[in-house]
Amino acid sequence: MPLSGISGVEDRSSGTYNAVFTFNGAVTSGQVTVLSGTATVGAILFSGNTMTAQLTGVTSAEVVTLRVQNINGDGQQHGDVPFGFLTADVNGNRTVDRPDLQQLQTDRGQPVTASNFRDDINLSGIVDRPDQQSVQANRGHSIP
């Protein structure tokens, strides 16, 4: 997700999401708090220059803003990062609409690749009927 401006959009449906923050140097400790949205921050994992915060309780259409702070015990805020969540917005235009459905119809039955991974809403490894049903169920939903 971008550090400033409008958020990116995660369109896949999951009970747990990972917010991964990458730093210029090694990170061994830090905090992540929710500034807006319904998410709950769970475990925070550290590996090299990345910090991964597990998120639960995210709804199907919202922007969650996370604050990263106290990296390696420095007591500082390191940024507020917006994460967009919109189940079934496969083209990332912030609205679930007809083009999303058309894209799934084109890719239906295909295994997930680097070029169509956003089409696999239910994370089954293939673009299938439940993905298409998810678009139909979420049609008209949007985020700002």
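Worth saying up front: this structure is predicted, and the values here are computed from it rather than measured.

Undergrad: Can you lay out the overall build of the protein for me, pointing to particular residues and giving the numbers?
TA: Tallying secondary structure elements over the protein gives two helices and seven strands in all. A principal-axis box enclosing the C-alpha atoms of the protein has dimensions of 50 × 30 × 25 Å. In the protein, buried positions account for 38% of the 144 residues. Once local pairs closer than 6 in sequence are excluded, the contacts in the protein between residues at least 24 apart make up 58%. Counting only carbon and sulfur atoms, one obtains 49% of the accessible surface of the protein, whose full area is about 7,200 Å². Counting 8 positive and 13 negative side-chain charges, the protein places the averaged centre of each group 6 Å from the other.

Undergrad: Any details on helix 1 (residues 98-107)? Residues and values, ideally.
TA: Of all the residues in helix 1, the buried ones are Asp100, Leu101, Leu104 and Asp107. Along helix 1, the residues classed as buried sweep out an arc of 135° about the axis, all on the same side. Its buried side turned inward, helix 1 meets helix 2 (129-138). Gly109 lies just past helix 1 and shows a positive phi near 90°.

Undergrad: So what about the packing of helix 1 against helix 2? Which residues, and what values?
TA: One can describe the packing of helix 1 onto helix 2 by two numbers: an axis separation of 10 Å at closest approach and a directional angle of 170°. When the axes of helix 1 and helix 2 are compared, the pair comes out roughly antiparallel. Residue-level inspection shows Asp100, Leu101, Leu104 and Gln105 of helix 1 in contact with helix 2, the latter providing Asp131, Gln132, Val135 and Gln136.

Undergrad: So, the nonpolar core: which residues are in play, and what are the values?
TA: Membership of the largest hydrophobic core comes to 18 residues, with the highest contact counts inside it found for Phe21, Phe23, Met51, Leu55, Leu66, Phe83 and Phe85. Counting residues in hydrophobic clusters, the runner-up holds 11 residues, among them Ala88, Val90, Ile121 and Ile143.

Undergrad: Provide a residue-level description of the side chain of Asp11, including the pertinent values.
TA: In this structure, Asp11 sits in the loop between strand 1 (9-10) and strand 2 (16-22). Excluding residues within four positions of it along the chain, Asp11 makes contact with Leu86, Thr87, Ala88, Asp89, Val90, Arg118 and Ile121.

Undergrad: Got a sec to walk through the pattern of salt bridges? Specific residues and values, please.
TA: Once the charged atoms of two side chains with opposite charge are near each other, the side chains can pair. Inspection of the entire model under this criterion finds four salt bridges. Between Asp11 and Arg118 there is a salt bridge, with the nearest N and O atoms lying 3.9 Å from each other. With Asp11 in the loop between strand 1 and strand 2 and Arg118 in the loop between helix 1 and helix 2, this residue pair connects regions lying 107 residues apart in the sequence. Given a relative accessible area of 0%, Asp11 falls into the buried group. A salt bridge links Asp80 to Arg67, with the nearest nitrogen and oxygen atoms 2.8 Å apart. Note that Asp80 is positioned in strand 7 (residues 77-86) and Arg67 in strand 6 (residues 61-69), a separation of 13 residues in sequence.

How each quantity is defined
- Residues numbered from 1 in each chain as written.
- Predicted model: local features only at pLDDT ≥ 70, side-chain atom pairs only at ≥ 80, totals over all residues.
- Heavy atoms only, no water.
- Helix = DSSP H or I, 4+ residues; strand = E, 2+ residues; numbered from the N terminus.
- Buried < 20%, exposed > 50% of the residue type's maximum accessible area, 1.4 Å probe, protein only.
- Contact = heavy atoms within 4.5 Å.
- Areas by Shrake-Rupley, 256 points an atom, 1.4 Å probe, with all protein chains shown as cover.
- Lys, Arg positive; Asp, Glu negative; His and termini not counted.
- Charge placed at Lys NZ, Arg CZ, Asp CG, Glu CD.
- Arc of directions from axis to C-beta.
- Axes fitted to C-alpha atoms, helices over the stretch in contact; angles between N-to-C directions.
- Parallel < 35°, antiparallel > 145°, perpendicular 65-115°, else oblique.
- Core = buried A, V, L, I, M, F, W, Y, C linked by side-chain atoms within 4.5 Å.
- Salt bridge = Lys/Arg side-chain N within 4 Å of Asp/Glu carboxyl O.

Note that every value here comes from positions in space, so none of it alone points to a role or purpose.
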